[in-house]
Amino acid sequence: LSERLQSTIQQIKGKGKVTEADIKAMMREVRLALLEADVNFKVVKQFTQTVKERALGADVMESLTPGQQVIKIVQEELTHIMGDEQTKINMSQKPPTVVMMVGLQGAGKTTTAGKLALNMRKKHNKKPLLIAGDIYRPAAINQLKTVGKQIDIPVFSLGDQVSPVEIAKQGLQHAKEEHLDFVIIDTAGRLHIDGDLMEELSNIKELVNPDEIMLVVDAMTGQDAVNVAESFNDQLDITGVTLTKLDGDTRGGAALSIRAVTEKPIKFIGMSEKMDGLEPFHPERMASRILGMGDVMSLIEKAQGQIDEDKAKEMEQRMRKNEFSFNDFLTSMDQMQNMGGLETILGMFPGVNKKMLNNANFDERQIDYFKAIILSMTDEERDQPAIINPSRKKRIAKGSGRPLSEVNKLLKQFNEMKKMMKQFTGNKGKGKKGRKGN
Ligand code: GDP
Ligand code: MG
């Protein structure tokens, strides 16, 4: 999430209610974040419109956490645009399944052909055959043979003097004879879309009638990827997309645009140059990546599962009236522990790494100790900590099995927290007066 978007959310979170203007400001930041992630501007425009309509709905405006709600809607809609669910490769009822790799030169067709073969053998128990259909680049056939050798998968080649259509035809025949049930045809690419190439690919398509025409697109090419996908789809009616080089520092906005423009599913992503670097495409994870959110979404979901909204509202009310008690403190500590403790929570934020957590030196046990101390207080003491005098302190320490110094520490921290809340809610009070219709 861009820092600016983050800070807009912070501002909104600080408010008890959000206005239409707040939502608009937030949508502006969302739009920028998407454009920065290389999402096509037309797609962004339509997308923000949809999100805005949903965000202005009553649920969000009246919720306790409007900023987070809006982000949740953004995440949901992004996931939706990218197809919601993971889409599997098309398998033929009658083997062999035939996959044709298409795409520009350097996109990663040959590499992905090898990765896919390995994936199919490992995960689906298939017996793949790779067909060397790129006869134009001198090294292309050897490259595929090297790949095949590396993963121990047969490669069918007729050299570079036979037409790719003929190679595809004979290769398919070979697969049938050898009872190989998953055929991947590697094809040539060009630096740019070109008529001759498209014609050749169309001819291969007509002849072998592939179950899958897999367009391979380099995610690093950003906006260009959309045009490429659009032309290939127009000419060949592709059935799936593999987005490669997502191990680079691209935010992956191309995934969103390609899906939106072609309406064809992205099925795999390439995450390294190595043969095991192919992963199924998950729309939800890509949505997080595009927003640069780390695992914040699962954090929000976790929080929603754990925190009872009514309870939270009640607590907020009490904070405002400066009635926050040790019982409330206890509740909030329980909630935090339910969510996996402070360390888990912080660990989900983008930019927080293990080392930082270790340096911060959290003692999760401290929370248990504090809880033990609070549980040793009477109800009256929890409600009005002011009455806790030295003899009560001693009793509490004894009851909880914790040293007196720790009881003092807790009381001190609690008082400081209350002071902070007072300042915070004091500001809020001022804001309230200024608001109309409340
Ligand atoms: P083709 O021309 O479409 O067949 O592309 P290649 O398969 O020859 O790949 C071009 C370059 O991209 C090669 O150096 C590959 O190693 C590299 N490559 C392909 N896929 C990935 C990927 O997912 N991640 C990374 N980092 N490199 C990739
Ligand atoms: Mg190639």
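Note that this is a predicted model, so its numbers are computed, not measured. (Residues numbered from 1 in each chain as written. Chains lettered and ligands numbered in written order. Predicted model: local features only at pLDDT ≥ 70, side-chain atom pairs only at ≥ 80, totals over all residues.)

Visitor: Lay out the pairing of strand β5 (residues 212–218) with the relevant residues and their values.
Guide: Successive residues of a regular strand alternate their side chains across the two faces of the sheet. Counting buried positions along β5 yields six of seven residues, so the element is predominantly enclosed. In this structure, strand β1 (residues 97–102) lies alongside β5, joined through four bridges in parallel fashion. Within β5, the residue paired with V102 across the bridge is L215. In terms of strand pairing, β5 meets strand β6 (residues 240–244) through five bridges, oriented parallel. Bridge pairing in β6 places V216 opposite T242. Taken together, β5, helix α10 (residues 223–236) and β6 form a β-α-β motif whose crossover is right-handed. (Buried ≥ 20, exposed ≤ 12 C-beta atoms within 10 Å, placed from the backbone. Helix = DSSP H or I, 4+ residues; strand = E, 2+ residues; numbered from the N terminus. Pairing = 2+ DSSP bridges. Right-handed = clockwise from strand over helix to strand, strands pointing away.)

Visitor: Could you give an account of the site of ligand 1, naming the residues involved and the relevant values?
Guide: Taken together, the neighbourhood of ligand 1 is formed by 18 residues, with G108, K109, T110, T111 and G270 sitting nearest. Broken down by element, the shell around ligand 1 gets its largest block of residues, three residues, from helix α6 (residues 109–124). Classifying every residue of the shell around ligand 1 gives three nonpolar, eleven polar and four charged. (Near = placed C-beta within 6 Å. Nonpolar A, V, L, I, M, F, W, Y, C, P; charged D, E, K, R; others polar.)

Visitor: Describe the environment of P164, with residues and values.
Guide: Summarising the element assignment, P164 is placed in helix α8 (residues 164–177). For P164, a count of 25 C-beta atoms within 10 Å corresponds to the buried category. When the C-alpha positions of P164 and N203 are compared, they lie 9.2 Å apart, and in sequence the two are 39 residues distant. Each residue touching P164, except ones within four places of it in the same chain, is listed here: G133, I135, T187, E200 and I204. (Contact = placed C-beta atoms within 7 Å.)

Visitor: An account of the sheet that holds strand β8 (residues 278–280) is requested, with residue identities and associated values reported.
Guide: One open sheet holds the eight strands; their spatial order is β3-β2-β4-β1-β5-β6-β7-β8, and the pairing between them is mixed. The sheet is open, and its two borders are formed by β3 (155–156) and β8, each paired with just one other strand. As paired elements, strand β7 (residues 266–270) and β8 share three bridges and run antiparallel to each other. If you follow I269 over to β8, its bridge partner there is E279. Set on the sheet, α6 makes contact with β1, β2 (128–133), β4 (182–187), β5, β6, β7 and β8; between it and β4 the angle comes to about 175°. (Axes fitted to C-alpha atoms, helices over the stretch in contact; angles between N-to-C directions.)

Visitor: Any details on the UniProt feature "domain: SRP54-type proteins GTP-binding" (unreviewed entry) in the protein? Residues and values, ideally.
Guide: In this structure's numbering, the residues bearing the UniProt feature "domain: SRP54-type proteins GTP-binding" (unreviewed entry) are residues 265–278. In this annotation, residues 265–278 is assigned 0% helix and 43% strand; the end-to-end C-alpha distance for the span is 16 Å. (UniProt positions renumbered as here; feature names shortened; annotations may be inferred.)

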